[in-house]
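# Tertiary structure, described
As a plain string of letters, each chain reads:
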Amino acid sequence: MPAIMAHARELHRLGPPNNDRLSAVRVALSVAVPGLVLILIGRPDLMMYAVFGALTGMYGRTETHQLRLKHQAQAALILVGGLTIGVFLSVNHVGSWGLVLVATLFAGAGSLYADAVRLKPIGPFFGILALGACASVPTDVSFATAVLIGAASAAFSILVGFTGWLRHRAWVAGAARDVPVLRGPLRQAALVHAARYSLAVGTAGLIGMLSGIGHPHWAMAAAAVPLAGADLPSRVHRGIHRIVGTFLGLAVVAVVLFPSPLSPLQYFPGHTAVALAVLVILFQFPTELFMARHYGWAMVFFTPVILLIAQLAAPLDPGVLVLERGVETFVGAVVGIAVAVLIRAPGAAGPEVSSGTVPDTTVPAVGEAGPT
């Protein structure tokens, strides 16, 4: 019973604050500017590509500007890479079976890359999400245009993250992020973790396909979530956070999309797309505000972000959208938890590189300003 109570307390405990508001402002600004540009040119339906590029701003939140610049450039590769593959699948009309196969391979390769450069947030989740989402919606713009929107948004995020450097203008030659080399036990752990990602994503995708529900990429993304935990208990907690946070977020989506006196869309007749795009921008701030402190609360706001950009790109019946998202998220999270429980790293008592248990020794270089 004490162990159960300890787990219950952990599920609703907020982590310590760590300059969260400033990081949330940076990410919200990174989403807002490209989003407002798309609104002004009359293309809010392309918001999906801008948002996934802008998520580059979530990385390197506590690092110094010089190190954040490199970290976010590394993160942009996996985000824009996932987006590019997804758009390629979409414009070439690759079906769901092809999507599951490609996402499974990307999950394993993305895990190895995320470990090799030590991305934080840990793992390839956002790249997997970008790949699946972009592959699952049709686009009426060219492949190059969609990718350019994502890449430009990522570049703007990097610029926002580096702008504060202008106050100090301290550049230290040779300053680098402290990233352990993947050799020996760390290499073994990274390979096992990559296998976890591929197995979880592939299994969730297959279940989603066989179930007949139309969005297997949601199950695949949810399956990747638990694997970013630091250890087995935290992986289970992340899976539960994903389920509960998503369900609460679906209630928010229902309020927005279902016709009712509570829906804000009723106040903007004829401008639904613009209203949805603005809501996406607004929801991104609390998403980042809670992302490092409580994953479940972050999902309450991130779920509307993802579903509203999907609704902008390819509108669905709101009831179908909410139901399918709920089912696929539950299936995916359960699969991810099961894989985390069943597949352990060799010598599990030692550190796992993807688990975040490797000590973080990244510190500001001498003479460089602290993170802002």
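All of the points below concern the structure found in this document. (Residues numbered from 1 in each chain as written. Predicted model: local features only at pLDDT ≥ 70, side-chain atom pairs only at ≥ 80, totals over all residues. Heavy atoms only, no water.)

Our focus in this paragraph is the packing of aromatic side chains. Applying the stated rule across the entire model yields seven aromatic pairs. Ring geometry for F88 versus F143: centroids 6.4 Å apart, planes at 85 degrees, classification edge-to-face. Linking F88 in helix 4 (residues 65–91) with F143 in helix 7 (residues 143–163), this pair joins segments that are 55 residues apart in sequence. With a relative accessible area of 32%, F143 lands in the partly exposed category. Seen from their ring centres, F126 and F302 are 6.0 Å apart, and the 85 degrees between their planes marks the pair as edge-to-face. Placement of the pair is F126 in helix 6 (residues 125–135) and F302 in helix 12 (residues 295–313), with a sequence separation of 176 residues. Within the aromatic cluster, the residues linked to one another by ring pairs are Y59, F125, F126 and F302. The lysine or arginine in question, R238, covers the ring of Y295, its NZ or CZ lying 4.2 Å from the ring centre. (Phe/Tyr/Trp six-rings, centres within 6.5 Å; stacked < 30°, edge-to-face > 60°. Helix = DSSP H or I, 4+ residues; strand = E, 2+ residues; numbered from the N terminus. Buried < 20%, exposed > 50% of the residue type's maximum accessible area, 1.4 Å probe, protein only. Lys NZ or Arg CZ within 6 Å of the ring centre and 35° of its normal.)

Further remarks concern the pattern of salt bridges. Evaluation of the coordinates by the stated rule reveals three salt bridges. Among the salt bridges present, the one from D45 reaches R43, with a minimum N-O distance of 2.7 Å. In this structure, R61 engages E288 in a salt bridge whose closest nitrogen and oxygen atoms are separated by 3.1 Å. With R61 in the loop between helix 3 (47–54) and helix 4 and E288 in helix 11 (residues 272–291), this pair connects stretches of sequence that are 227 residues apart. We classify R61 as buried; its relative accessible area is 14%. Shared partners join several salt bridges into a network, and the residues in it are R43, D45 and D140. (Salt bridge = Lys/Arg side-chain N within 4 Å of Asp/Glu carboxyl O.)

By themselves, these are just geometric observations and shouldn't be taken as functional.
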